[in-house]
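Here is how the chains run, residue by residue.
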2 protein chains.
Amino acid sequence: MELLKERILNDGYVIGTKVLKVDSFLNHQIDVSLFNEIGKEFKRIFENMNITKILTVEASGIGIACIAAQYFNVPVVFVKKHEATNMDAETYESEVYSFTKNKFYKVRVAKRFLLKEDKVLIIDDFLANGNAACGPIDIVRQAEAEPVGVGIVIEKAFQEGRHKVEQTGVPVKSLAIVTSMSEGKIEFK
Amino acid sequence: MELLKERILNDGYVIGTKVLKVDSFLNHQIDVSLFNEIGKEFKRIFENMNITKILTVEASGIGIACIAAQYFNVPVVFVKKHEATNMDAETYESEVYSFTKNKFYKVRVAKRFLLKEDKVLIIDDFLANGNAACGPIDIVRQAEAEPVGVGIVIEKAFQEGRHKVEQTGVPVKSLAIVTSMSEGKIEFK
């Protein structure tokens, strides 16, 4: 997606060897008109898959998922990463390892919101080591629903995320695939 | 907003005396078409205030803010509640007391994303004790920007939130005001 790549080149920047900072338009400040173009692109890619629900992970996936859902006419469900006192007792849970925090944490979805007949598109802002995507896939399968695809805004192809997600059998489509960020220079596939 | 009140009556339910559960359409599963109507209503209410930015709090405010921002043609910024390794060093911070967690936590916005000339609409899903709204107001004022209004989807009028926010001088507009939930029966103003 050219518009996205241009935006990453113009407004993104690299910290160290692994962090691509895009918080001026993607995950802190949000450019909603860009999100609309992202939503249309996800719709084009996953058009014929009879998606019934979009699943994402709080917090930075929620905006992308909500804007994209307008093009699919389906509800969004977001996976909860943090304990909440008013959460249902009946939940699907998965454990996700966080490299940045160096620990496992639980992700949860109330059972009421995933049905056997659901065909679920999982959307997230980044694909890096793949753990954040594998948790939702696991949850969808616990519900005996079908994870039909993973839609990613920015994939860091030099990390193992794609390999890990593809091992689950779920296809991954990324709108921008960064192959290298060495010496601060962002290169795309 | 009648559509919202009907939805709360149909799909919401009360737990104990203070929790109104609306997670089938507002803050776990999201009905994006309802969010569009909510967005239009916020636009109608805050139309003439020259809003330049919408500020919300992660996680459940993000979807509402993004959908609403389409009607204002402005960016969204979301206040971060959780530590992130890739956060800017230069941030505005405020301390917010959480009744459910019985502790203070910090909320943060990178300084780059709030400018002196910004007229900021703060949007959130609930107004209960008011702390979640006062943190963002404090942050906007630290940036010497103007908090022009607080837009709330559901206000629980039997808690002290409105009083606390109005003490800051910022007007509060709520789309549904719940005056009582005693014995599980939801009543609106």
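Residues numbered from 1 in each chain as written. Chains lettered and ligands numbered in written order. Predicted model: local features only at pLDDT ≥ 70, side-chain atom pairs only at ≥ 80, totals over all residues. Heavy atoms only, no water.

Student: Help me understand the interface of chain A and chain B, please; the structure alone is not making it clear to me.
Tutor: Each side of the interface is counted separately: chain A has 40 residues, and chain B has 40 residues. Around 3,100 Å² of area is buried between chain A and chain B when both sides are counted, 59% of it from carbon and sulfur atoms. Looking at the side of chain A facing chain B, the largest losses of area belong to A:His28, A:Gln29 and A:Phe113, adding up to 21% of the total buried there. Ionic pairing is found between B:Lys21 and A:Asp88, a salt bridge with its closest N-O pair at 2.4 Å. One can count 16 residue pairs in polar contact (both at pLDDT 80 or more) joining chain A with chain B. Residue assignment for the side of chain A that touches chain B shows that the elements contributing at least two residues are strand 2 (19-21), strand 3 (29-30), helix 2 (32-45), helix 3 (60-72), strand 5 (76-79) and strand 7 (103-110) of chain A. Tallying contributions element by element places helix 3 of chain A first for the side of chain A that touches chain B, with seven residues. Residues of the side of chain A that touches chain B, tallied by class, amount to 18 nonpolar, 12 polar and 10 charged. (Contact = heavy atoms within 4.5 Å. Buried area = accessible area lost by both parts, 1.4 Å probe. Salt bridge = Lys/Arg side-chain N within 4 Å of Asp/Glu carboxyl O. Polar contact = N/O pair within 3.5 Å; in protein donor to acceptor, adjacent residues only side chain to side chain. Helix = DSSP H or I, 4+ residues; strand = E, 2+ residues; numbered from the N terminus. Nonpolar A, V, L, I, M, F, W, Y, C, P; charged D, E, K, R; others polar.)

Student: Just checking my understanding: could you explain the sheet that holds strand 11 (residues 187-188) of chain B for this structure?
Tutor: Read from one edge to the other, the open sheet built from seven strands follows the order 3(A)-5(B)-4(B)-8(B)-9(B)-10(B)-11(B), with strand pairing classed as mixed. The outermost strands of the open sheet, each flanked by one partner alone, are strand 3 of chain A together with strand 11 of chain B. Of the pairings in the sheet, the one linking strand 9 (residues 146-156) of chain B to strand 10 (residues 172-180) of chain B comprises six bridges and is parallel in character. Within strand 10 of chain B, the residue paired with B:Glu155 across the bridge is B:Ile177. Together, strand 8 (119-127), strand 9 and strand 10 of chain B form the strand contacts of helix 2 (residues 32-45) of chain B, whose direction differs from that of strand 10 of chain B by roughly 115°. (Pairing = 2+ DSSP bridges. Axes fitted to C-alpha atoms, helices over the stretch in contact; angles between N-to-C directions.)

Student: In this structure, what is going on with the relation of the copies chain A and chain B? I would like to understand it.
Tutor: Each copy of the chain is related to the other by a rotation around an axis and a translation along that axis. Between chain A and chain B, the superposition needs a rotation of 180° and an axial shift of 0.0 Å, giving an RMSD of 0.0 Å. The operation mapping one copy onto its partner corresponds to a two-fold rotation axis. Take the interface residues of chain A: 100% of them recur as interface residues in chain B, which is what a same-surface contact looks like. (Least-squares fit on C-alpha atoms with pLDDT ≥ 70 in both.)

Student: Would you explain the state of the cysteines in this entry?
Tutor: Disulfide: a covalent bond connecting the sulfur atoms of a pair of cysteines. What the rule picks out here adds up to zero disulfides over all chains. With no disulfide of its own, A:Cys66 lies 7.1 Å from the sulfur of B:Cys66, the closest cysteine sulfur. A residue is classified by how much of its surface remains accessible, and A:Cys66, at 0% relative accessible area, is buried. (Disulfide = S-S within 2.5 Å. Buried < 20%, exposed > 50% of the residue type's maximum accessible area, 1.4 Å probe, protein only.)

Student: How should the nonpolar core be read in this particular structure?
Tutor: Across soluble globular proteins, you tend to see nonpolar side chains buried next to one another. Ranked by size, the top nonpolar core spans 80 residues in total, and within it A:Leu20, A:Ile54, B:Leu20 and B:Ile54 carry the most contacts. Residues within four places of B:Ile54 in sequence aside, it is in contact with B:Ala65, B:Ala68, B:Ala69, B:Phe72, B:Val74, B:Pro75, B:Val76, B:Val77, B:Leu121 and B:Ile123. (Core = buried A, V, L, I, M, F, W, Y, C linked by side-chain atoms within 4.5 Å.)

Student: How should I be thinking about the pattern of salt bridges in this particular structure?
Tutor: Pairing is possible between side chains that carry opposite charge, provided their charged atoms lie close to one another. All names here are of chain A. Evaluated as defined, the whole model comprises 36 salt bridges over all chains. One salt bridge connects Arg112 with Asp88, and the closest N-O pair in it is separated by 2.8 Å. Here the residue Arg112 occupies a position in the loop between strand 7 and strand 8 (119-127), and Asp88 occupies one in the loop between strand 5 and strand 6 (91-98), the gap between them amounting to 24 residues.

Student: Explanation requested: the pairing of strand 9 (residues 146-156) of chain A in the structure shown.
Tutor: Looking along a regular strand, one sees the side chains alternate between the two faces of the sheet. All names here are of chain A. A large share of strand 9 lies buried, amounting to 10 of its 11 residues. Direction of pairing for strand 8 relative to strand 9: parallel, over a ladder of eight bridges. Considered in strand 9, the bridge of Ile123 is made with Gly151. Handedness of the strand 8-helix 4 (residues 131-142)-strand 9 crossover: right-handed. Once you follow strand 9 into helix 5 (residues 161-166) and on to strand 10 (residues 172-180), the crossover reads as right-handed. (Right-handed = clockwise from strand over helix to strand, strands pointing away.)

Student: Just to check I follow, could you spell out the side chain of A:Asp23 for this structure?
Tutor: Here A:Asp23 lies in the loop between strand 2 and strand 3. Here A:Asp23 falls in the buried class, since its relative accessible area comes to 7%. Within the structure, A:Asp23 has its side chain in polar contact with the side chain of B:Arg112 (distance 2.9 Å). Dropping the residues within four chain positions of it, A:Asp23 is found in contact with A:His28, A:Gln29, B:Asp88, B:Arg112 and B:Phe113.

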